[in-house]
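# Working through the structure, step by step
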Amino acid sequence: MKYVSLVLLVFFTSAQILCMRYARTREDSKYDSNTAVLLGEVLKLIMAFLLLSSEKGGTKKAYGQLVLECTNHKRDVLLHAVPALLYTIQNNFMYLAISNLDAAIYQVCSQLKLITAAIFSVTFLKKRISSFQWLSLFILGVGLVLVNLRSGSSADLSENTNMALGLFSVLVFCCTSGFAGVFMEKLFKDNKFSVWSRNIWLALFSIVSGVLGIVFKDWRLLLPSNFFKGYSFWAWLAVILLAIGGLIIAMVLKYADNIIKAFGNAASIVLSTFLSVFLFDFVITSNYICGCVLVIMAIVMYSSGQKK
């Protein structure tokens, strides 16, 4: 299962980014990203419940498990609202970033979440980061700078894209991702809930925050005629991959370790770059290659130091 989860991580991470980028560039896929995030959470809720039912041996037992958790651990259940809100913000900014950046550049820049996660781990979990890991974070920073020295361009970037907005969105995405990850790590340490039930509670609170976000933005988007406007085949596929991706991460955390996950992230960067050349006419330059190599090396170094 360790290597199955690794293969799934590489495939779905790459497919999710490329599909979302492709869907956002098509004229028939001008859908609202808020509705896409909400749909992704609904699908994740359904899939997580089915997986919990399979784990417990039936839907009745799964429902009973959720009732038991809600009754005996109300505070812990409510705490899921914090990372759920952060994940909703994170996913919306992820769509915004992908709409304004090349898929390959986004894939590399999103690894900035290693630095934000390290900072939040030291600040809130009082973890110690080894000198080897700090060196890897410095290498990661240098790699990200090289990648963004207008390292590549592609034909799919239209005049409506804004690279500065895309980079800002990646920064917000990485900050919310890092803090949510640290918060979830603190929750996971109590072992009161299963991986799938935690995903159910996260999805439920994410759906609530997603609906509230749409209401504040434009309540008319909740009308079916507006909610599903602009959803092509590729848009639906992007939403499905977004939902599955969250469960794949849970699977990796359950069956694999940090080093396996690091190799998965590194492999997905290579695969995304390779496919972007053919799908989006992405131009690979020396700056991008050097930056990409440094980022991949930093990912493996950081996880290796964490394992030790």
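Above this text sits the structure in question.
A brief look at the structure comes next. (Residues numbered from 1 in each chain as written. Predicted model: local features only at pLDDT ≥ 70, side-chain atom pairs only at ≥ 80, totals over all residues. Heavy atoms only, no water.)

### So, the packing of helix α3 (residues 59-72) against helix α10 (residues 195-218)
- Packing of α3 against α10 leaves a shortest axis separation of 11 Å and a crossing angle of 70°. Judged by the inter-axis angle, α3 sits roughly perpendicular to α10. Contacts between α3 and α10 involve Leu66, Glu69 and Cys70 from the former and Ser197, Ile200 and Trp201 from the latter.
- Residue composition of the contact of α3 with α10, grouped by class: 4 nonpolar, 1 polar and 1 charged. (Axes fitted to C-alpha atoms, helices over the stretch in contact; angles between N-to-C directions. Helix = DSSP H or I, 4+ residues; strand = E, 2+ residues; numbered from the N terminus. Parallel < 35°, antiparallel > 145°, perpendicular 65-115°, else oblique. Contact = heavy atoms within 4.5 Å. Nonpolar A, V, L, I, M, F, W, Y, C, P; charged D, E, K, R; others polar.)

### Some words on α3
- Under the 1.5 Å per step criterion, the end-to-end length of α3 is 20 Å for 14 residues, consistent within 8% with the ideal 20 Å.
- Considering only its buried residues, α3 is in contact with α2 (33-56), α4 (74-79) and α10. (Expected span 1.5 Å × (residues − 1).)

### A few points about the state of the cysteines
- Evaluated as defined, the whole model comprises 0 disulfides.
- As a non-bridged cysteine, cysteine 174 has cysteine 175 as the owner of its nearest cysteine sulfur, 7.1 Å distant.
- Judged by its relative accessible area of 0%, cysteine 174 falls in the buried class. (Disulfide = S-S within 2.5 Å. Buried < 20%, exposed > 50% of the residue type's maximum accessible area, 1.4 Å probe, protein only.)

### With respect to the side chain of asparagine 34
- Along the chain, the position of asparagine 34 falls in helix α2.
- According to the relative accessible area criterion, asparagine 34 is buried, its value standing at 18%.
- A distance of 3.3 Å separates polar atoms of two side chains, one belonging to asparagine 34 and the other to asparagine 92.
- Discounting residues that sit within four places of it in the chain, asparagine 34 has contacts with Asn92, Ile214 and Lys217. (Polar contact = N/O pair within 3.5 Å; in protein donor to acceptor, adjacent residues only side chain to side chain.)

### Topic: the packing of aromatic side chains
- Counted under the stated rule, the structure contains 12 aromatic pairs.
- Ring centres of phenylalanine 227 and phenylalanine 228 lie 5.0 Å apart, and the angle between their planes is 70°; on these two criteria the pair is classed as edge-to-face.
- Residue classification places phenylalanine 227 among the buried residues on the basis of a relative accessible area of 9%.
- Relative to tyrosine 231, the ring of phenylalanine 228 lies with its centre 6.3 Å away and its plane at 65°, an arrangement referred to as edge-to-face.
- With a relative accessible area of 41%, phenylalanine 228 lands in the partly exposed category.
- Taken together, Phe227, Phe228, Tyr231 and Trp236 form an aromatic cluster joined through their ring pairs. (Phe/Tyr/Trp six-rings, centres within 6.5 Å; stacked < 30°, edge-to-face > 60°.)

### Some details on a nonpolar patch on the surface
- On the surface, a nonpolar cluster with roughly 320 Å² of combined accessible area is contributed by Leu96, Leu165, Phe168 and Leu171.
- Of the residues forming the nonpolar patch, the biggest block, 3 residues, is contributed by helix α9 (residues 163-188).
- Mapped onto the fold, leucine 171 is located in helix α9. (Patch = residues over 30% accessible without salt bridge, like charges linked within 9 Å, V, L, I, M, F, W, Y side chains within 5 Å. Areas by Shrake-Rupley, 256 points an atom, 1.4 Å probe, with all protein chains shown as cover. Salt bridge = Lys/Arg side-chain N within 4 Å of Asp/Glu carboxyl O.)

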